[in-house]
Amino acid sequence: MCQPKLPPPSDLVAGLTSSPPTLPCRFLYDAKGSQLYSQITDLPEYTPYRAELGLLKEHGTKLATLIPPHALVVELGCGDATKTSHLIHSLLASREPGAVRFVGIDVSAEALRQTDRTLRERCPDLPAAGIQLVEADYLTGLRAVRSANPDATLCLLWLGSSIGNFGEGEASEFLAGLVAAAGGDTRVILGADGWKDRGVLHAAYCDAAGVTERFIVNGVQHALRLLRHPDARAADLWDYEVVVNERRSQVEMWVSPKRRVSDIVPGVSLEAGEKLLVEISRKFTPLSIAALADQAGLVVQESWRTPGYSLQLLLPAV
Ligand code: AVJ
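All of the points below concern the structure found in this document.

A few points about the pattern of salt bridges
And then number 1: The full count for this structure, using the stated rule, is 15 salt bridges.
And then number 2: In this structure, Lys-62 engages Glu-302 in a salt bridge whose closest nitrogen and oxygen atoms are separated by 3.2 Å. Note that Lys-62 is positioned in helix 3 (residues 48-66) and Glu-302 in strand 11 (residues 298-306), a separation of 240 residues in sequence.
And then number 3: Under the relative-accessibility criterion, Glu-302 is labelled partly exposed at 23%.
And then number 4: Residue Glu-246 pairs with Arg-198 through a salt bridge whose shortest N-O separation is 3.0 Å. Pair noted here: Glu-246 is in the loop between strand 6 (238-245) and strand 7 (250-257) and Arg-198 is in helix 8 (residues 198-205), with a separation of 48 residues, a long-range link.
And then number 5: On the basis of relative accessible area, Glu-246 is assigned to the partly exposed category, the value being 46%.

Some details on unusual backbone geometry
And then number 1: Residue Pro-20 follows Ser-19 across a cis peptide bond; omega there is -5°.
And then number 2: Locating Pro-20 in the fold gives a position in the loop between helix 1 (10-16) and helix 2 (31-41).

Some details on the site of the ligand
And then number 1: Taken together, the neighbourhood of the ligand is formed by 14 residues, with Tyr-46, Gly-160, Tyr-205, Glu-279 and Ser-281 sitting nearest.
And then number 2: In the environment of the ligand, an oxygen atom lies 2.5 Å from a nitrogen or oxygen atom belonging to the side chain of Tyr-205.
And then number 3: Within the side chain of Glu-279, one N or O atom sits 2.6 Å away from a nitrogen atom of the ligand.
And then number 4: When the free accessible area of the ligand is taken as 350 Å², the share hidden by the protein chains comes to 98%.
And then number 5: Of all the elements in the fold, those that place two or more residues in the shell around the ligand are helix 2, helix 9 (211-226) and strand 10 (276-282).
And then number 6: When its residues are assigned to classes, the shell around the ligand shows seven nonpolar, six polar and one charged.

Some points on the packing of helix 2 against helix 9
And then number 1: Between helix 2 and helix 9, the shortest axis-to-axis distance is 9 Å and the interhelical angle comes to 160°. If you check the angle between helix 2 and helix 9, you find them roughly antiparallel. For the crossing formed where helix 2 meets helix 9, the hand is left-handed. Contact with helix 2, carried on its side by Lys-32, Gly-33, Leu-36, Tyr-37, Gln-39 and Ile-40, involves Val-211, Thr-212, Arg-214, Phe-215 and Asn-218 of helix 9 and no other residues of that element.
And then number 2: Split into classes, the residues belonging to the contact of helix 2 with helix 9 amount to five nonpolar, four polar and two charged.

Let's talk about the pairing of strand 4 (residues 154-158)
And then number 1: Counting buried positions along strand 4 gives five out of five residues, so the element sits mostly inside the fold.
And then number 2: Burial of strand 4 is two-sided: the residues Leu-154, Leu-156 and Trp-158 facing one way and the residues Cys-155 and Leu-157 facing the other way are all buried.
And then number 3: Bridge count between strand 1 (residues 72-76) and strand 4: four bridges; the pairing is parallel. What sits directly across from Val-73, in strand 4, is Cys-155.
And then number 4: By the bridge criterion, four bridges tie strand 4 to strand 5 (residues 187-193) in an arrangement that is parallel. Each residue of the ladder has a partner; that of Cys-155, found in strand 5, is Arg-187.

Procedures and definitions
- Residues numbered from 1 in each chain as written.
- Predicted model: local features only at pLDDT ≥ 70, side-chain atom pairs only at ≥ 80, totals over all residues.
- Heavy atoms only, no water.
- Salt bridge = Lys/Arg side-chain N within 4 Å of Asp/Glu carboxyl O.
- Helix = DSSP H or I, 4+ residues; strand = E, 2+ residues; numbered from the N terminus.
- Buried < 20%, exposed > 50% of the residue type's maximum accessible area, 1.4 Å probe, protein only.
- Near = heavy atom within 4 Å.
- Polar contact = N/O pair within 3.5 Å; in protein donor to acceptor, adjacent residues only side chain to side chain.
- Areas by Shrake-Rupley, 256 points an atom, 1.4 Å probe, with all protein chains shown as cover.
- Nonpolar A, V, L, I, M, F, W, Y, C, P; charged D, E, K, R; others polar.
- Axes fitted to C-alpha atoms, helices over the stretch in contact; angles between N-to-C directions.
- Parallel < 35°, antiparallel > 145°, perpendicular 65-115°, else oblique.
- Left-handed = near helix turned anticlockwise from the far one by under 90°.
- Contact = heavy atoms within 4.5 Å.
- Pairing = 2+ DSSP bridges.

This is the structure:
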């Protein structure tokens, strides 16, 4: 088969050539990566997913009252949408079915198909016209949603503590960029995982069944495939290591090759044992979330928490 040779994504090349080499997190979510992430959410060691689901179930009715009546609910990285379906239920219970409009944005077409299946199965009262799916990265997708709905008020759903994938500083900038793209009176429902005991954090990303390791290695292989690298499918090439970095309030997921990987991008090689930072997962406190919101020009209007997890409604600061 003859495939056109597209240039490699520039953010991927920039990440792999930085020091230490890093992988932009969107490359974790190809079809297999999205499936592995779904498996992670079922792991006994991985608590954020269940904690957030519990909060959405418990406080859904309240949350629904805080979402403006005709708002377009836009989820960033909707994944399999099981959690979302609980919020949609609460919305359907509090307004006319025709007034509930949901847009899911995800980089994975497979994830979007799953979103669609889940919402049809679990929210049969949601009219088909009330579901829109956009295959794009967050910012691109959001800009498209904004221009297709110039007058709508948007309510962004950014769940799963995905904001934790952004470094300190980066996160508030990115959040501000999202709100700028979404328009003036946008509100954000944000999920954030909390800092916990080191052993608990380590186990959450180094599970006994090895699912997280497969997820992380798959992301690297996906990137190498896009780069048409000969080692893209090499079995047993990568060692996996989880570091709990207390100073930076983050868990770090690293891989290193067992032998040299030449020209990971042209001119840049990884030596045996040289580390590649595949993902960071930052952990938050009420104080660090308030600071993050402030830096993004937002305020925490309300928050709902368990000991290890929080959901908050953020509004533009006036
Ligand atoms: C979806 C980005 C929040 O950081 O906990 C889970 C992804 N990576 N296990 C997280 C993830 C490894 C997850 N986020």
